[in-house]
Amino acid sequence: MLALDGLLVALIAAAARAAWWPLVALPYPEAWDRWCYMWDDGANFVDNDLVNQPISWATLRAMLTVSKINVYEPLAWLLKALVRHGLIPIPFLLEGTPVGGGLAQRRATLLFHTLNGMLLYVATYRLLALRRDLQARSRAVSRKGVVSDAALKFGAAAGATLWMCHPLRAEVVGWASAQPYTLALTFSILAALAYLQVHEIRHRSGRTSRAYLALGLTAYVAAFFSKAAAISVPATLVAIDFALDPYDAELAGRESHGVGGGSGGDGGGGGGKTDAGTP
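Here the structure is a predicted model, which is why all the values come from computation and not from measurement.

**Q** Is there a simple way to explain the overall build of the protein in this structure?
**A** Scanning the protein from N- to C-terminus turns up 14 helices and 0 strands. Helices and strands in the protein line up, N terminus first, as α-α-α-α-α-α-α-α-α-α-α-α-α-α. Going through the 279 residues of the protein one by one, you find that 40% of them count as buried.

Written out as structure tokens, the structure reads:
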């Protein structure tokens, strides 16, 4: 299945390139390297000392303690500064365009947007697979009666690709000042992945992983420090609970009675056999 994962991830990256390449690689870089002053690019990049000054401890401290045009996004400013000074050693950001210009910043956004598509694929597949497994266990359905991993992966990849290439994403990819949204989404999806891992460990071993809870909280804080819109991430985690907890509660109730889950021993064998035949 690793080969299938690699193929789907490669297809997602190819879709991102096909959909958004004109915004970052048209044969008129001198035009596309310009800033949209009427849409905050001047304040966010050209006149932003946090981005233009050499990165130092004083600059980092300023990023953590000030706000610009009524927003607080220190990690987004750090990313802009790293791109501005050519400190991210990726040829795609450095070739064919002035270092740190508008085109380079949009290319950085496209890289994170593509990464988000891949992460969304992984998160969607893991959510669907965990829900499928919990449903099968709670209802004692044989593996032959559930959706295959390949089908779930193709569905997750299709959904991630549609999200990534949808015209509504044009603002984020094409407008340099929207870059913080992509960085915040990267950390938001990582927080959701950590939370899914908490669910998976709890369903398999009955314990709560504090390590993954801490990782999820750290990712959430990083998302919030990238863009304040990430404050809504907990709503996503609640949605994950709603998607998984009904089957978790049903499974816990069945196993506590020794039915269908294999935990009833010889004494629960009759009940397990009878229940196994129900849909």
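**Q** Help me out: how do you make sense of the packing of helix 5 (residues 57–65) against helix 6 (residues 74–84) in this one?
**A** When two helices pack together, their arrangement is given by the angle between the helix axes and the distance between those axes. Look at helix 5 against helix 6: their axes get within 8 Å of each other, and the N-to-C directions meet at 145 degrees. Handedness of the crossing formed by helix 5 with helix 6: right-handed. In this structure, helix 5 uses L60, M63 and L64 to contact helix 6, whose residues at the interface are P74, W77, L78 and A81. Here the residues of the contact of helix 5 with helix 6 sort into 7 nonpolar, no polar and no charged.

**Q** Quick question: what am I supposed to make of the nonpolar core here?
**A** Grouped burial of nonpolar side chains is what soluble globular proteins tend to show. V24, V83 and L110 are the most contacted members of the largest nonpolar core, which has 14 residues in total. With 4 residues, helix 8 (residues 102–138) is the single largest residue contributor to this core. In this view, V24 contacts F92, L103, R106, R107 and L110; residues no more than four positions away in its chain are not counted. Listed in part, the 13 residues of the second largest apolar core include Y125, A129, A160 and M164.

**Q** For this particular structure, what's the right way to read the pattern of salt bridges?
**A** It is possible for side chains of opposite charge to pair when their charged atoms get near one another. Taken as a whole and judged by the stated rule, the model has 7 salt bridges. The partner of D149 in a salt bridge is R132, with the nearest N and O atoms 2.8 Å apart. Taken as a pair, D149 in helix 9 (residues 149–165) and R132 in helix 8 lie far apart in primary sequence, 17 residues in all. According to the relative accessible area criterion, D149 is partly exposed, its value standing at 26%. Put simply, E200 and R204 hold a salt bridge, and the shortest N to O gap is 2.8 Å.

**Q** Looking at this model, I keep getting lost on the packing of helix 11 (residues 179–205) against helix 12 (residues 210–226). Mind explaining?
**A** Two elements in contact, helix 11 and helix 12, have axes whose closest approach is 8 Å; the angle formed by their N-to-C orientations is 165 degrees. Here helix 12 runs roughly antiparallel to helix 11, going by the angle between their axes. The handedness of the crossing between helix 11 and helix 12 is left-handed. Here helix 11 contributes P180, L183, A184, F187, S188, L190, A191, A194, Q197, V198 and I201 to the contact with helix 12, which in turn contributes Y212, L213, L215, G216, A219, Y220, A222, A223 and S226.

Rules of the game
Residues numbered from 1 in each chain as written. Predicted model: local features only at pLDDT ≥ 70, side-chain atom pairs only at ≥ 80, totals over all residues. Heavy atoms only, no water. Helix = DSSP H or I, 4+ residues; strand = E, 2+ residues; numbered from the N terminus. Buried < 20%, exposed > 50% of the residue type's maximum accessible area, 1.4 Å probe, protein only. Axes fitted to C-alpha atoms, helices over the stretch in contact; angles between N-to-C directions. Left-handed = near helix turned anticlockwise from the far one by under 90°. Contact = heavy atoms within 4.5 Å. Nonpolar A, V, L, I, M, F, W, Y, C, P; charged D, E, K, R; others polar. Core = buried A, V, L, I, M, F, W, Y, C linked by side-chain atoms within 4.5 Å. Salt bridge = Lys/Arg side-chain N within 4 Å of Asp/Glu carboxyl O. Parallel < 35°, antiparallel > 145°, perpendicular 65-115°, else oblique.

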